[in-house]
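# Residue-level structure breakdown
Given next are the chains, with one letter for each unit.
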2 protein chains.
Amino acid sequence: MSVSIPPPKCLKKPLAVPHRLMLGPGPSNVPARILQAGANPVIGHMHEETFEIMSDIKSGIQYMFQTRNIMTLAVSGTGHTAMECAIFNAVEAGESVLTAVNGIWGERAAEMAQRIGARVNTIVSPPGGFFTNAEIEQALSKYSPVVFFLAHGESSTGVLHPLDGIGELCHKYDCLFLVDSVASIGGVPLYMDEQGIDILYTGSQKVLNAPPGTAPISFSERACQKIFHRKTKPISFFLDLNWLANYWGCDGKPSRIYHHTGPVNAFYSLRESLAILAEESLENSWKRHEKVAEYFQAGLESMGLKLFVKERKARLPTVTTIVAPHGYNWKEITNYIMKTHNIEISGGLGPSIGLVLRVGLMGCNSSKTNVDKVLAALKDALKHCHKSKV
Amino acid sequence: MSVSIPPPKCLKKPLAVPHRLMLGPGPSNVPARILQAGANPVIGHMHEETFEIMSDIKSGIQYMFQTRNIMTLAVSGTGHTAMECAIFNAVEAGESVLTAVNGIWGERAAEMAQRIGARVNTIVSPPGGFFTNAEIEQALSKYSPVVFFLAHGESSTGVLHPLDGIGELCHKYDCLFLVDSVASIGGVPLYMDEQGIDILYTGSQKVLNAPPGTAPISFSERACQKIFHRKTKPISFFLDLNWLANYWGCDGKPSRIYHHTGPVNAFYSLRESLAILAEESLENSWKRHEKVAEYFQAGLESMGLKLFVKERKARLPTVTTIVAPHGYNWKEITNYIMKTHNIEISGGLGPSIGLVLRVGLMGCNSSKTNVDKVLAALKDALKHCHKSKV
């Protein structure tokens with residue numbers, strides 16, 4: 001046998017990556033400090049120094065999530081991996097799961113639970129809407145789920161879902177409260193313990209401004225009770241919380257057994273991003289995101305654009321959804337802004353496709369300067385893009 | 001509600017990562033060129049430039065694997081993720097799977113297949129051993145599996161498994177041939193197409209010298225036929241090949257739908273590592289790994305140490321296993337070498353724990369200079385470590 005497939009010519013061209021202002025719903029821009037942290041030399045996934053970095057990450061996540069949960073760690077993967085980690089561990093085949101669907105995330109959670117053989121029920125709201133506690137309680141009572149899924153920040157529709165009281169309702173019906181905070185955490189108040197959230201996860205590439213590839217997750221004592229008394233093993237070895245808990249030093253055992261090779265460089269970046277959040281403080285970050293979002297919303301309305309989420313309180317400050325301007329092709333607008341202004345903004349996703357434009361202002365990207373830039377770009381796009389007579 | 005968990009003090013300490021010579025079984029050292037590629041600015045996971053980088057990666061993997069498979073991509077995760085990707089897609093609950101167990105990887109593949117409800121049978125060899133084609137054929141005939149798993153490089157035992165003829169045998173019994181090449185690819189000849197391998201995967205952190213966190217994988221036409229005619233959906237949405245194929249532009253469809261946020265910075269590093277392999281050429285890399293391994297083996301034997309794998313041809317040039325020196329505590333040796341020489345070497349893993357020391361010489365780490373360093377460190381350790389009278 002001999003080498004019959006030659007080295008590809010395309011790899012002779014040096015890697016070239018443009019600088020771009022990332023104001024879509026994520027990934028957001030990554031500060032040089034975090035990029036450089038990730039460029040530190042590789043050490044072993046089981047070295048003492050790595051365990052210390054993981055321990056720092058754990059503390060940083062506990063702060064960001066406002067939780068004392070020992071079972072707090074980062075999954076070696078993206079937000080979707082964390083989502084599957086939550087569902088694969090908390091749900092067994094045949095169990096009842098309830099998901100709140102007011103955008104793409106509820107749909108995806110439902111699909112994940114279905115794939116592992118759960119009986120899935122949904123409560124559904126049109127894009128832009130959300131649920132009252134009474135509606136949630138009714139569904140909890142009707143379907144007796146073991147897990148209730150809710151997206152705190154529905155990045156596809158720009159909705160910030162209220163959380164207060166839902167944890168108590170879930171616990172009243174002996175159900176775990178699972179919350180997706182990928183698009184919200186760090187930019188909006190959230191108190192995992194006080195709000196009775198049993199499983200909470202996020203991604204690294206939104207408010208945290210780290211590269212995509214790691215996903216913080218935390219499990220309450222109540223969640224651990226269910227998970228560690230399962231009748232069957234979780235479907236995934238890679239995401240089995242028994243193994244992850246040991247790798248992250250959360251199980252109190254004196255030694256750690258090799259599970260998988262953690263992405264150590266991504267851990268460096270994640271640690272740095274958590275350090276930056278701790279430096280600014282959660283309260284300051286929340287305030288900044290709120291003020292910048294209000295400034296942005298005012299600017300949009302003064303341009304005559306309409307916000308997709310009617311209730312001011314239900315607007316996600318990290319991802320703003322704008323009603324797709326009448327008579328325009330939304331794709332032409334986002335393409336124009338990318339080409340002419342080197343700024344990413346995006347269209348809808350899943351159920352909001354065609355309905356909205358989405359602008360992310362997350363972490364270091366949440367600034368008035370960026371708002372001014374994106375407003376100017378939008379004005380320019382509306383002037384130059386083709387407007388059909390509808 | 002208010003913030004009750006304060007910012008952790010540990011995050012005030014700047015990140016400090018030591019430089020270390022990584023001669024364990026992986027991760028191996030990452031050259032500055034690859035680290036800096038990964039520190040390029042983040043762009044979108046759906047941007048044209050990212051798709052081009054992904055296309056380059058695809059070509060690089062096709063070269064490294066020696067395959068023309070269109071269904072070639074990198075999973076957003078570690079080697080274990082790729083392992084689950086292969087099994088989750090290729091196997092349905094109730095189907096028969098055969099795994100060759102001559103170390104930890106066969107055990108883990110068996111466990112993964114069991115978790116999704118496959119009927120799993122194994123052929124087992126003591127650590128350090130491997131299987132003849134006759135033994136494999138006997139088991140194929142007996143168990144009629146839909147997938148046969150084999151580790152090309154058994155990094156826990158240092159065995160390089162022969163591959164010739166096994167693909168044909170699998171196909172004779174209408175079975176897919178699934179090969180783990182995490183520890184071998186790029187350092188040892190392997191011809192995916194010519195050797196009839198249906199699914200092949202590896203990790204980024206071994207011979208490729210990229211940080212851990214991405215995992216190349218490729219599926220033959222035969223594998224795709226089975227996967228795309230499944231009766232049930234794969235258990236994981238995140239690893240569903242239908243979705244991954246679309247994200248990686250392998251399904252011929254004109255547009256790509258958002259699946260998950262790829263770890264773009266890890267893709268930059270992976271592309272760079274594949275470019276370096278293409279520059280050196282597979283043949284040169286194979287030769288270098290072979291020569292360096294022979295030089296190392298000769299050095300070990302001249303020190304009076306014994307190689308764990310008796311047959312010279314079955315020795316993995318990337319990971320060398322040394323019989324744990326009689327009378328010593330292996331852990332004392334690896335700790336001493338780490339502390340005194342700043343070099344990582346490792347003990348056994350899974351079935352080889354206590355039996356061996358393992359030294360990895362992978363990618364840029366495969367050099368005579370490094371061999372001299374590790375031989376000197378071993379000599380020093382044997383002199384200074386406690387030798388019990390057994």
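The structure presented is a predicted model; accordingly, all values stated were derived computationally and were not measured.

## Side note on the interface of chain B and chain A
Taken residue by residue, the interface counts 92 residues in chain B and 93 residues in chain A. Between chain B and chain A, roughly 7,900 Å² of surface is buried when both sides are summed, and carbon and sulfur atoms account for 63% of that area. Linking chain B with chain A are 8 salt bridges. One salt bridge in this structure joins Lys13 of chain B and Glu52 of chain A, with 3.4 Å as the shortest N-O distance. For the side of chain B that touches chain A, the elements supplying multiple residues, two or more each, are helix 1 (32-38), helix 2 (48-65), helix 3 (79-90), helix 4 (104-115), helix 9 (264-280) and helix 10 (282-302) of chain B. Considered class by class, the residues forming the side of chain B that touches chain A number 45 nonpolar, 28 polar and 19 charged.

## A word on the side chain of Glu111 of chain B
Within the secondary structure layout, Glu111 of chain B lies in helix 4. When residues no more than four places from it in sequence are discounted, the contact partners of Glu111 of chain B are Lys233 and Phe237 of chain A.

## Thoughts on the UniProt feature "modified residue: N6-(pyridoxal phosphate)lysine" (unreviewed entry) in chain A
All names here are of chain A. Those places that UniProt annotates as "modified residue: N6-(pyridoxal phosphate)lysine" (unreviewed entry) correspond, in this numbering, to Lys206. On the secondary structure map, Lys206 appears in the loop between strand 9 (199-201) and strand 10 (215-219). Other than its neighbours up to four places away in sequence, Lys206 contacts Pro25, Gly26, Ser28, Val182 and Met362.

## A look at the relation of the copies chain B and chain A
The operation relating chain B to chain A is a screw motion whose rotation component is 180°, with 0.0 Å of axial translation and a residual RMSD of 0.0 Å. Viewed as a symmetry operation, the transformation between the two copies matches a two-fold axis. A share of 100% of the interface residues of chain B reappears at the interface of chain A, consistent with the copies meeting face to face through the same patch.

## Brief notes about the sheet that holds strand 4 (residues 119-124) of chain A
All names here are of chain A. Pairing within the open sheet is mixed, and its 7 strands lie in the order 2-10-9-8-5-3-4. Strands at the two margins of the open sheet, each flanked by one partner only, are strand 2 (71-75) and strand 4. If you compare each strand with its neighbour and ignore which way they point, the axes differ by 15° on average. Looking at chain direction, strand 3 (residues 96-101) and strand 5 (residues 147-151) are connected through 3 bridges and run parallel. Across the sheet, residue Val97 finds its bridge partner in strand 5, namely Val147. Seen against the sheet, helix 2 (residues 48-65) touches strand 2, strand 9 and strand 10 and runs at an angle of roughly 110° to strand 2. With respect to the sheet, helix 5 (residues 133-143) is in contact with strand 3, strand 4 and strand 5, its orientation differing from that of strand 3 by roughly 160°.

## Side note on the sheet that holds strand 4 (residues 119-124) of chain B
Residue and element names in this part refer to chain B. Taken together, 7 strands build an open sheet; the order of strands is 2-10-9-8-5-3-4 and the sheet is mixed. Each end of this open sheet is capped by a strand with a single partner; those strands are strand 2 (71-75) and strand 4. For this sheet the average axis-to-axis angle between neighbouring strands, irrespective of direction, equals 15°. Sheet topology note: the strand 9 (residues 199-201)/strand 10 (residues 215-219) ladder contains 3 bridges and is antiparallel. Bridging across to strand 10, Ile199 finds its partner in Phe219. Running over the sheet, helix 3 touches strand 2, strand 5 (147-151), strand 8 (176-180), strand 9 and strand 10 and is turned about 25° from strand 10. Relative to the sheet, helix 5 (residues 133-143) contacts strand 3 (96-101), strand 4 and strand 5, its axis offset from that of strand 3 by approximately 160°.

## A few points about the domain arrangement of chain A
Residues and elements named next belong to chain A. Parsing chain A into structural domains produces domain 1 (21-27 + 282-384) and domain 2 (32-278). Domain 1 and domain 2 are separated by 27 Å when their C-alpha centres are compared. For the domain 1 and domain 2 pair, buried surface summed over both sides reaches about 2,300 Å², with 66% attributable to carbon and sulfur atoms. For the domain 1 face of the interface with domain 2, the top three residues by lost area are Leu282, Trp286 and Leu316, together amounting to 30%. Here domain 1 and domain 2 share 0 salt bridges between them. The tally of links between domain 1 and domain 2 comes to 12 residue pairs in polar contact (both at pLDDT 80 or more). If you list the elements that add at least two residues to the side of domain 1 that touches domain 2, you get helix 10 (282-302), strand 11 (319-323) and strand 14 (356-360).

## As for the pattern of salt bridges
For the structure on display, the rule yields 24 salt bridges over all chains. Of the charged contacts in the structure, one is a salt bridge between Glu111 of chain B and Arg115 of chain B, with a shortest N-O distance of 2.8 Å. With Glu111 of chain B and Arg115 of chain B both in helix 4, this residue pair falls 4 residues apart, about one helical turn. In this structure, Glu111 of chain B and Arg115 of chain B share a single accessibility class: buried. Among the charged side chains, a network of salt bridges with common partners joins Glu111 and Arg115 of chain A together with Lys233 and Asp240 of chain B.

## Concerning helix 3 of chain B
Quick reminder: α-helices carry 3.6 residues per turn. Residues three or four places apart thus point the same way. Residue and element names in this part refer to chain B. If you check helix 3, its first and last C-alpha atoms are 17 Å apart, about what 12 residues at 1.5 Å a residue would give, namely 16 Å. Judged by how many residues are buried, helix 3 sits mostly within the fold: 12 of 12 residues are covered. Those residues of helix 3 not exposed but buried are Gly79, His80, Thr81, Ala82, Met83, Glu84, Cys85, Ala86, Ile87, Phe88, Asn89 and Ala90.

## Regarding the nonpolar core
Membership of the largest hydrophobic core comes to 202 residues, with the highest contact counts inside it found for Phe148, Ile217 and Phe219 of chain A together with Phe148, Ile217 and Phe219 of chain B. Ignoring sequence-local partners within four residues, the contact set of Ile217 of chain A consists of Phe65, Met71, Thr72, Leu73, Val75, Ala82, Cys85, Ala86, Ile199, Leu200 and Tyr201 of chain A.

## Re the environment of Phe148 of chain B
Residues and elements named next belong to chain B. Inspection of the secondary structure puts Phe148 in strand 5. The sequence separation of Phe148 and Phe130 amounts to 18 residues, and the corresponding C-alpha distance is 15 Å. Once you skip the residues sitting within four places of it in the chain, Phe148 turns out to touch Leu98, Thr99, Ala100, Ile123, Ile136, Leu140, Ile166, Cys170, Cys175, Leu176, Phe177 and Leu178.

## Some words on the pairing of strand 8 of chain B
All names here are of chain B. The buried fraction of strand 8 amounts to 5 of the 5 residues, a majority that puts the element mostly inside the structure. The side-chain alternation of strand 8 yields two buried faces, one formed by Leu176, Leu178 and Asp180 and the other by Phe177 and Val179. Here 5 bridges tie strand 5 to strand 8, and the two strands are oriented parallel to one another. Bridge pairing in strand 8 links Ala151 to Asp180. Note: strand 8 against strand 9, 3 bridges, orientation parallel. From the neighbouring strand, Asp180 faces strand 9, where its bridge partner is Tyr201.

## Looking at the packing of helix 2 of chain B against helix 9 of chain B
Residue and element names in this part refer to chain B. Their axes nearest at 9 Å, the elements helix 2 and helix 9 cross at an angle of 40°. Considering the angle they form, helix 2 stands oblique to helix 9. The handedness of the crossing between helix 2 and helix 9 is left-handed. Of the residues in helix 9, those touching helix 2 at Thr50, Ile53, Met54, Asp56, Ile57, Gly60, Ile61, Tyr63 and Met64 are Val264, Phe267, Tyr268, Leu270, Arg271, Leu274, Leu277 and Ala278. For the contact of helix 2 with helix 9, the class distribution of residues is 13 nonpolar, 2 polar and 2 charged.

## Structural notes on unusual backbone geometry
Here Gly26 of chain A and Pro27 of chain A are connected by a cis peptide whose omega angle stands at 0°. Mapped onto the secondary structure, Pro27 of chain A falls in the loop between strand 1 (21-22) and helix 1 (32-38). At Gln66 of chain B, a position not held by glycine, the phi torsion is positive, near 55°. Of note, Gln66 of chain B is situated in the loop between helix 2 and strand 2. Of the residues examined, Gln66 of chain B reaches a relative accessible area of 2% and is grouped as buried. We note that Ser144 of chain B has phi near 40°; this positive angle belongs to a residue other than glycine. Turning to its location among the elements, Ser144 of chain B is positioned in the loop between helix 5 and strand 5. By relative accessible area, Ser144 of chain B is classed as exposed at 51%.

What counts and what doesn't
Residues numbered from 1 in each chain as written. Chains lettered and ligands numbered in written order. Predicted model: local features only at pLDDT ≥ 70, side-chain atom pairs only at ≥ 80, totals over all residues. Heavy atoms only, no water. Contact = heavy atoms within 4.5 Å. Buried area = accessible area lost by both parts, 1.4 Å probe. Salt bridge = Lys/Arg side-chain N within 4 Å of Asp/Glu carboxyl O. Helix = DSSP H or I, 4+ residues; strand = E, 2+ residues; numbered from the N terminus. Nonpolar A, V, L, I, M, F, W, Y, C, P; charged D, E, K, R; others polar. UniProt positions renumbered as here; feature names shortened; annotations may be inferred. Least-squares fit on C-alpha atoms with pLDDT ≥ 70 in both. Pairing = 2+ DSSP bridges. Axes fitted to C-alpha atoms, helices over the stretch in contact; angles between N-to-C directions. Domains from an automatic or database assignment. Polar contact = N/O pair within 3.5 Å; in protein donor to acceptor, adjacent residues only side chain to side chain. Buried < 20%, exposed > 50% of the residue type's maximum accessible area, 1.4 Å probe, protein only. Expected span 1.5 Å × (residues − 1). Core = buried A, V, L, I, M, F, W, Y, C linked by side-chain atoms within 4.5 Å. Parallel < 35°, antiparallel > 145°, perpendicular 65-115°, else oblique. Left-handed = near helix turned anticlockwise from the far one by under 90°.

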